[in-house]
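Spelled out from the first residue to the last, the chains are:
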Number of protein chains: 2
Amino acid sequence: MTKPPTRIQKRNRAAILTAGLDVFSQYGFRGSTLDQIAVAAGLSKPNLLYYFPSKDAIYTALLERLLETWLAPLQQMNADGDPVTEILDYTHRKLEMSRDYPRESRLFANEIVQGAPHIADHLSGELRVLVDEKAAVIQGWAKAGKIADVDAHHLIFSIWALTQHYADFDVQVRAVLNTDDPFARAGPFLDHAVRSILRR
Amino acid sequence: MTKPPTRIQKRNRAAILTAGLDVFSQYGFRGSTLDQIAVAAGLSKPNLLYYFPSKDAIYTALLERLLETWLAPLQQMNADGDPVTEILDYTHRKLEMSRDYPRESRLFANEIVQGAPHIADHLSGELRVLVDEKAAVIQGWAKAGKIADVDAHHLIFSIWALTQHYADFDVQVRAVLNTDDPFARAGPFLDHAVRSILRR
DNA sequence: TCTTTGTTTGACCAACTGGTCAAATCAACG
DNA sequence: CGTTGATTTGACCAGTTGGTCAAACAAAGA
């Protein structure tokens, strides 16, 4: 039987995960060091390793905890709702996540661009199952003529691409736009874009 | 006066850049080692540093050489052509680059996700100038009623996002689709998507 | 051929890396 | 208070890192 975490354990584990998110999302797994994370968490390196057995453990703990958060918006998509509304709402939720959780987005981006060595199983497992399920729903809407006859999988990819771009390529977007709030115009644009794609 | 490169210099410099592209695009700058690159190039590590003064020099040489290739498709967009055709052709060229040069795409993705520390100047310089120029052209088309009244900058971003997604997130796309050629269906889908967005 | 210039390498270095460990310190509870 | 278990740390380690350097080796022209 495992003992319940103490007050200090809760606080420090949380601090480490927050620090890990900061560092890993900026430098990727191999580019990040335990020292960086320790400093960001306000702990010594050996103390870090008292709470997590290894660098890898911090990283995978982060990734797996985030995977739920990441899949939630798609899970909310309701087969019984109005097709266009459901897909647009999903798009908005994803864009909100890019705005409110850019570090999480970049953590995944880093991981996947580099070949997803730590979460390959999750991609062809949980993720694939969920996407297939929702793609079937969308395909149903398309066959019923409620939206344009688009490839549902690629529609989902396109929503990912369009929304996550604003978090993952934030530096580029800001460099080109010279705006302090790129999301202001992104929202209406994406609304128009997705609406257009779905229009029969 | 600088001397012209010898035959051996040409061969080895090219080998190093190819090897660097392989390694850097997979692991990012900090995640890559000179040993990895040396092995991939078929040279010893000191020999590598005979041709390039540092790891950083190899990386930035790669990035700057690639920047031209990367901007070329957008430069080709012709203000005097048919708006829809020009934008669709641009989309196709970008998707082709994702298919034919995925390592280059991932190299940039890695760099930009991690905050573009090596090419920040290029982003707010050359890139921004080019994008502003082409955005003005697109804005002109929109004002003239030749395409839908979309935000030109975000239209360009969306084309980047949609096309580069297939190179940068290749692992994820393949894991979900279970296809050996994700680009087969991506082409028609993107055609429909961009065409829809532009439709008045 | 000899010489000059270009090329390659083994040995080496200091800094940094993830990780260990015993000892010191602290918190909580009876 | 005293004791027990949780927490923290300094010192340390072996492996890796980017980079140096002198010496060995090849190429090419005179």
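Note that the structure is predicted; figures quoted are calculated from it, not measured. (Residues numbered from 1 in each chain as written. Chains lettered and ligands numbered in written order. Predicted model: local features only at pLDDT ≥ 70, side-chain atom pairs only at ≥ 80, totals over all residues. Heavy atoms only, no water.)

Trainee: Can you walk me through the overall build of chain A in this structure?
Mentor: Along chain A, the regular secondary structure elements total ten helices and zero strands. For chain A, the sequential pattern of α-helices and β-strands runs α-α-α-α-α-α-α-α-α-α. Its C-alpha atoms put chain A at 60 × 50 × 30 Å along the principal axes. Expressed as a percentage of the 200 residues in chain A, the buried residues total 54%. The contacts of chain A with a sequence gap of at least 6 include a subset with a gap of at least 24, amounting to 69%. Counting every atom, chain A has about 9,000 Å² of accessible surface; 51% of that belongs to carbon and sulfur. Side-chain charges in chain A split into 23 positive and 24 negative, and the spacing between the mean points of these groups amounts to 5 Å. (Helix = DSSP H or I, 4+ residues; strand = E, 2+ residues; numbered from the N terminus. Buried < 20%, exposed > 50% of the residue type's maximum accessible area, 1.4 Å probe, protein only. Contact = heavy atoms within 4.5 Å. Areas by Shrake-Rupley, 256 points an atom, 1.4 Å probe, with all protein chains shown as cover. Lys, Arg positive; Asp, Glu negative; His and termini not counted. Charge placed at Lys NZ, Arg CZ, Asp CG, Glu CD.)

Trainee: Help me understand the protein's contact with DNA strand C in this model?
Mentor: Taken together, the neighbourhood of DNA strand C is formed by 19 residues, with Arg7 and Lys55 of chain A together with Thr6, Gln9 and Tyr51 of chain B sitting nearest. For DNA strand C, the backbone portion of the atoms within 4 Å of the protein, that is sugar and phosphate, comes to 63%. Note that a phosphate oxygen of DNA strand C is positioned 2.8 Å from one of the backbone N or O atoms of lysine 55 of chain A. Here glutamine 9 of chain B contributes a side-chain N or O atom positioned 2.6 Å from a phosphate oxygen of DNA strand C. Those elements that provide at least two residues to the surface near DNA strand C are helix H3 (45-51) of chain A together with helix H1 (7-31) and helix H3 (45-51) of chain B. The leading source of residues in the surface near DNA strand C is H3 of chain B, at four residues. Its residues placed into classes, the surface near DNA strand C shows seven nonpolar, eight polar and four charged. (Near = heavy atom within 4 Å. Polar contact = N/O pair within 3.5 Å; in protein donor to acceptor, adjacent residues only side chain to side chain. Nonpolar A, V, L, I, M, F, W, Y, C, P; charged D, E, K, R; others polar.)

Trainee: Could you clarify how one ought to interpret the interface of chain A and chain B in this entry?
Mentor: A common way to state how big an interface is: give the accessible area lost once the parts meet. Opposite the 54 residues of chain A that make contact, chain B presents 54 residues. When chain A packs against chain B, the two sides together hide about 4,800 Å² of surface, and 66% of this comes from carbon and sulfur. Ranking the residues of chain A by area buried against chain B places Val113, His154 and Val176 of chain A at the top, with a combined share of 14%. Connecting chain A to chain B are two salt bridges. Taking the shortest distance from any N to any O, the salt bridge between aspartate 151 of chain B and arginine 185 of chain A comes out at 3.3 Å. (Buried area = accessible area lost by both parts, 1.4 Å probe. Salt bridge = Lys/Arg side-chain N within 4 Å of Asp/Glu carboxyl O.)

Trainee: Would you explain the relation of the copies chain A and chain B in this entry?
Mentor: Note on the chain copies: they are related by a rotation about an axis and a translation along it. When chain A is fitted to chain B, the best match, at an RMSD of 0.1 Å, comes from turning it 180 degrees and sliding it 0.0 Å along the axis. Those values place the two copies in the arrangement expected of a two-fold rotation axis. Interface overlap between copies: 100% of the residues of chain A at the interface are likewise at the interface in chain B, consistent with a symmetric, same-surface contact. (Least-squares fit on C-alpha atoms with pLDDT ≥ 70 in both.)

Trainee: In this structure, what is going on with unusual backbone geometry? I would like to understand it.
Mentor: Residues and elements named next belong to chain B. In this structure, alanine 116 is a non-glycine residue whose phi angle is positive, near 50 degrees. Within the element layout of this structure, alanine 116 appears in the loop between helix H6 (102-113) and helix H7 (120-143). Residue alanine 116 is classed as buried on the basis of its relative accessible area of 0%. The backbone of asparagine 178 sits at a positive phi, close to 60 degrees, despite the residue not being glycine. Structurally, asparagine 178 is set in the loop between helix H9 (170-177) and helix H10 (183-198). What makes asparagine 178 exposed here is its relative accessible area of 57%.

Trainee: Which parts of the structure should I look at to understand the domain arrangement of chain A?
Mentor: Residue and element names in this part refer to chain A. Here chain A is partitioned into domain 1 (1-53) and domain 2 (63-198). The distance between the C-alpha centroids of domain 1 and domain 2 comes to 29 Å. Counting residues at the interface gives eight residues for domain 1, matched by eight residues for domain 2. One can count one salt bridge joining domain 1 with domain 2. Arginine 103 is paired through a salt bridge with aspartate 22; the nearest N and O atoms lie 2.9 Å apart. (Domains from an automatic or database assignment.)

Trainee: I'm lost on the environment of serine 25 of chain A in this one. Help?
Mentor: The residue serine 25 of chain A is located in helix H1 (residues 7-31) in this model. Note on serine 25 of chain A: relative accessible area 4%, which makes it buried. Taking C-alpha positions, serine 25 of chain A is 9.8 Å from aspartate 168 of chain A, a pair spaced 143 residues apart along the chain. Residues within four places of serine 25 of chain A in sequence aside, it is in contact with Gly20, Arg103, Arg106, Leu107 and Asn110 of chain A together with Val113 of chain B. Here the side chain of serine 25 of chain A touches leucine 21 of chain A through a polar contact of 2.7 Å, landing on its backbone oxygen. A distance of 3.2 Å separates a polar atom in the side chain of serine 25 of chain A from the backbone oxygen of aspartate 22 of chain A.

Trainee: What is the right way to look at the protein's contact with DNA strand D in this model?
Mentor: Within the structure, DNA strand D sits among 19 residues, and Thr6, Gln9 and Tyr51 of chain A together with Leu34 and Lys55 of chain B are positioned closest to it. Of what DNA strand D places within 4 Å of the protein, 62% of the atoms are sugar or phosphate. In the model, a phosphate oxygen of DNA strand D is placed 3.2 Å from a nitrogen or oxygen of the serine 44 of chain A side chain. Here tyrosine 51 of chain A contributes a side-chain N or O atom positioned 2.6 Å from a phosphate oxygen of DNA strand D. Sorting the residues of the surface near DNA strand D by element identifies H1 and H3 of chain A together with H3 of chain B as the ones contributing at least two each.

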